[in-house]
Amino acid sequence: MLLELNIKDLAIIDDLKVSLGPGLNVFTGETGAGKSIIIDAIDLVLGDRASSDSIRSGKDEARVEALFHTPGPGPMDSLLSASGIPSSGVLTIKRVIQRSGRNRVFINDCLSTLATLSDIGRRLIDVYGQSEHQSLTREEEHIEMLDEFGELGALRREMRDCFRKWSDLKRELDAVASDMKRSEEERELLLFQKKEIEDAALKDGDEEELKKERDKLKNAERLYAAANGAERALYSDGGSVLERLGALKKELADALRFDPSLDGAVKRLEAASFEIEDIAAFLRDYAGGIEGDPRRLEEAEARLDAIIKLKRKYGATVKEILERKGIIDGRLENITNCGERLKELTAGAERAREASALVSESLTQARKKAALRLKKGMEKELSELGMKGCVFEVLMDTDRKDGTPHFGEKGSDRVTFHISTNPGEETKPLSRVASGGELSRIMLAMKNLTSAGRVGTLVFDEIDSGVGATTGHAVAKKLSAVSKTHQVLCVTHLAQIATFAENHYFVEKAANEEGRTVTRVRKLDSKERVECTARLLGGADVTETTRKHARELLGRAGRGK
């Protein structure tokens, strides 16, 4: 159950806190007062995409926070635990929308993702928007409604996975069949390319090593002269650096008798002498190993030229050339083995098709059972909504191709809702015969059936669209009945619905201290409810007659709950 909703700097709402109760919670107010913004805020805490355009003018960010009561232990606790979120019977959700485009989600004060929020949100609240009844007129949506009612989500997922596996195998099968038609000319080209790369016997890093070796061979004399000269200057020649350091060290060592602070300098000279000896030894060995080898230089340059030619044809680096070689090998293997692979894929695709067909048939049978239950449930619900004698049908047809079922991710069924709102008349497609008021009632009935036991809160944004007073009373009674087992939030313009509310909230626009328009929401007491109901009945000019009528409606609603 939604306990509290806090909205800050969203559209024309500056700072709003609404505490909600169980049962039927009704929101009324003038058009444009901000009722739909409250619904938008609820959508945000359920995981809807946010736009920076919704942030209040002059502000850098908008915040929406919701507090839910989630009695446990139950599926919600398991879902939260799987997402690494602590659970305690109370759930807090916060969305922060920033003008910079950076949006954040917090669930029980833990930073989370929009995907996790959407997964949690659909288990908390089901929202029926102002235009959602239009989905009833879109026949492609009917199969979704039937499957939701029948709780066929697991079968749908299995059908999707089987179909995708079959589709993937079919695509691979088509590719292999196409490979079999590849010309011998292509195969010969691939073999030539493979041999050309293999003959080069490349390894990753070869080019860099060859360049180093070439540079060393080309400059062998210079390298020898530099190393040998440095070694002699440091060690071998008379008056070398080491010899001079030795003399300096001896002089300073003698001077220690007069000033012990020179000890550090003496030790550092001694360390420098050891370091120079090591350097000289290295240079001696290095110079001894330098040897000009014109033949090896020629080989290195020839190999580098070969690599350059291969790079022009197969890739910018040796690594890319080797990767291209792997692609060529794979392609040749496919061409060589495609006959055997074709047999394997044909058998695998057929097994996957048969598995898909079995799941599709299971889905069809489950839908048929759900369709009978939905028909019975809808006719009962619609009768209670003032559409007595209404006949509701769920028609199913199998999509066929060449006489055999043709299935996709949703199976092989086409589902359409048909209805007759007048006794004795044949049923016709719901999209062609139902009026706006009838569609609202049909959607209310559908929501009541599909949401039962699945979510704790139902939100109806102007369920009374196209509904008159008499029908509005029937809709109000149904909403009241639904609110016995669900928390219901309803935006309405009908007095007949408002009078059945346990909690009535009035939404209005006002000017704040800065003179800017803001939305305010207040819960009405019994006296205010009479005045508000009277305005819903008679408009702005409230008379004693409309007040009397309002009291009668409120009294009748109280007795009818």
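Quick notes on the rules
- Residues numbered from 1 in each chain as written.
- Predicted model: local features only at pLDDT ≥ 70, side-chain atom pairs only at ≥ 80, totals over all residues.
- Heavy atoms only, no water.
- Helix = DSSP H or I, 4+ residues; strand = E, 2+ residues; numbered from the N terminus.
- Buried < 20%, exposed > 50% of the residue type's maximum accessible area, 1.4 Å probe, protein only.
- Contact = heavy atoms within 4.5 Å.
- Areas by Shrake-Rupley, 256 points an atom, 1.4 Å probe, with all protein chains shown as cover.
- Lys, Arg positive; Asp, Glu negative; His and termini not counted.
- Charge placed at Lys NZ, Arg CZ, Asp CG, Glu CD.
- Pairing = 2+ DSSP bridges.
- Axes fitted to C-alpha atoms, helices over the stretch in contact; angles between N-to-C directions.
- Salt bridge = Lys/Arg side-chain N within 4 Å of Asp/Glu carboxyl O.
- Parallel < 35°, antiparallel > 145°, perpendicular 65-115°, else oblique.
- Left-handed = near helix turned anticlockwise from the far one by under 90°.
- Nonpolar A, V, L, I, M, F, W, Y, C, P; charged D, E, K, R; others polar.
- Disulfide = S-S within 2.5 Å.

Trainee: Provide a residue-level description of the overall build of the protein, including the pertinent values.
Mentor: Secondary structure assignment for the protein yields 18 helices and 17 strands. Projected onto its principal axes, the C-alpha positions of the protein cover 125 × 85 × 40 Å. Here the protein holds 561 residues, and the buried ones make up 42% of them. Restricting to contacts in the protein with at least 6 residues of sequence separation, those with at least 24 account for 71%. Counting every atom, the protein has about 30100 Å² of accessible surface; 50% of that belongs to carbon and sulfur. In the protein, 91 side chains carry a positive charge and 97 a negative one; their mean positions are 5 Å apart.

Trainee: Describe in detail the sheet that holds strand β6 (residues 103-107), supporting the description with residues and values.
Mentor: Strand order in the open sheet formed by six strands is β2-β1-β4-β5-β6-β7, with antiparallel pairing between adjacent strands. Strands with a single pairing partner mark the edges of an open sheet, and in this sheet they are β2 (13-19) and β7 (110-112). With direction set aside, neighbouring strand axes in the sheet form an average angle of 15 degrees. Where strand β5 (residues 90-98) lies against β6, five bridges are found, and the strand directions are antiparallel. Across the sheet, the residue bridging to K94 is F106, located in β6.

Trainee: Break down the pattern of salt bridges for me, with residues and values.
Mentor: A full pass over the atoms with the stated rule returns 36 salt bridges. Measuring nitrogen to oxygen at the nearest pair gives 3.3 Å for the salt bridge that ties K375 to E393. A residue pair is termed long-range when its members are at least 10 positions apart, and K375 in helix α12 (residues 318-384) and E393 in strand β9 (residues 391-398) qualify at 18 residues. For K375, a relative accessible area of 22% gives the class partly exposed. Among the ionic pairs, R547 bridges to E544, the shortest N-O distance being 3.0 Å. Of the two residues, R547 and E544 both sit in helix α18 (residues 544-560), three residues apart, roughly one turn of that helix. Classification of E544 by relative accessible area gives exposed; the value is 53%.

Trainee: Talk me through the environment of E139; I want residue IDs and the actual numbers.
Mentor: Examined against the element boundaries, E139 turns out to sit in the loop between β8 (125-128) and α4 (142-149). We classify E139 as partly exposed; its relative accessible area is 32%. Sequence separation between E139 and L536 is 397 residues, and the spatial gap between their C-alpha atoms is 35 Å. Setting aside residues no more than four positions away along its own chain, E139 makes contact with V415, T416, P429 and S431.

Trainee: Help me get a handle on the packing of helix α9 (residues 241-255) against helix α10 (residues 263-289), residues and values and all.
Mentor: In the contact formed by α9 and α10, the axes pass within 9 Å of each other and the chain directions differ by 165 degrees. Relative to α10, the element α9 lies roughly antiparallel. Between α9 and α10 lies a crossing of left-handed hand. Every residue of α10 that contacts α9 at V241, L242, L245, L248, K249, L252 and A253 is listed here: V266, L269, E270, A272, S273, I276 and E277. Classifying every residue of the contact of α9 with α10 by side-chain character gives 10 nonpolar, one polar and three charged.

Trainee: Tell me about unusual backbone geometry, and please be specific about residues and values.
Mentor: Even without being glycine, D9 reaches a positive phi, approximately 60 degrees. By the element assignment, D9 lies in strand β1 (residues 2-10). Using a relative accessible area of 8% as the deciding quantity, one classes D9 as buried. For E151, which is not glycine, the phi dihedral falls at a positive 55 degrees.

Trainee: How would you summarise the sheet that holds β8 if you had to cite specific residues and measurements?
Mentor: The sheet built from six strands is open, its strands ordered β8-β14-β15-β3-β16-β17 with mixed pairing. This sheet does not close on itself; its edge strands, each paired only once, are β8 and β17 (517-523). Pairwise comparison of adjacent strand axes, ignoring direction, gives a mean angle of 20 degrees for this sheet. Both strand β14 (residues 457-461) and strand β15 (residues 487-491) contribute to a ladder of five bridges, which runs parallel. Among the inter-strand pairings, L458 is bridged to a residue of β15, identified as V488. Contacts from helix α17 (residues 526-538) reach β3 (24-29), β16 (503-511) and β17 within the one sheet, and its direction differs from that of β16 by about 75 degrees.

Trainee: Any chance you could break down the pairing of β3 for me, citing the residues and the numbers?
Mentor: Among the six residues in β3, six count as buried, and that is most of the element. A two-sided burial pattern is seen for β3, the buried positions comprising L24, V26 and T28 on one face and N25, F27 and G29 on the other. By the bridge criterion, four bridges tie β3 to β15 in an arrangement that is parallel. Residue pairing across strands places F27 opposite V491, the latter belonging to β15. Of the strand pairs in this sheet, β3 and β16 are connected by five bridges, and their pairing is parallel. Within β16, the position partnered with F27 by the bridge is Y505.

Trainee: Requested: an account of the state of the cysteines, with residues and values cited.
Mentor: Scanning all chains against the criterion turns up zero disulfides. Free of any disulfide, C532 has its nearest cysteine sulfur in C490, 13 Å distant. Taking relative accessible area as the criterion, C532 reaches 3% and is therefore assigned buried.

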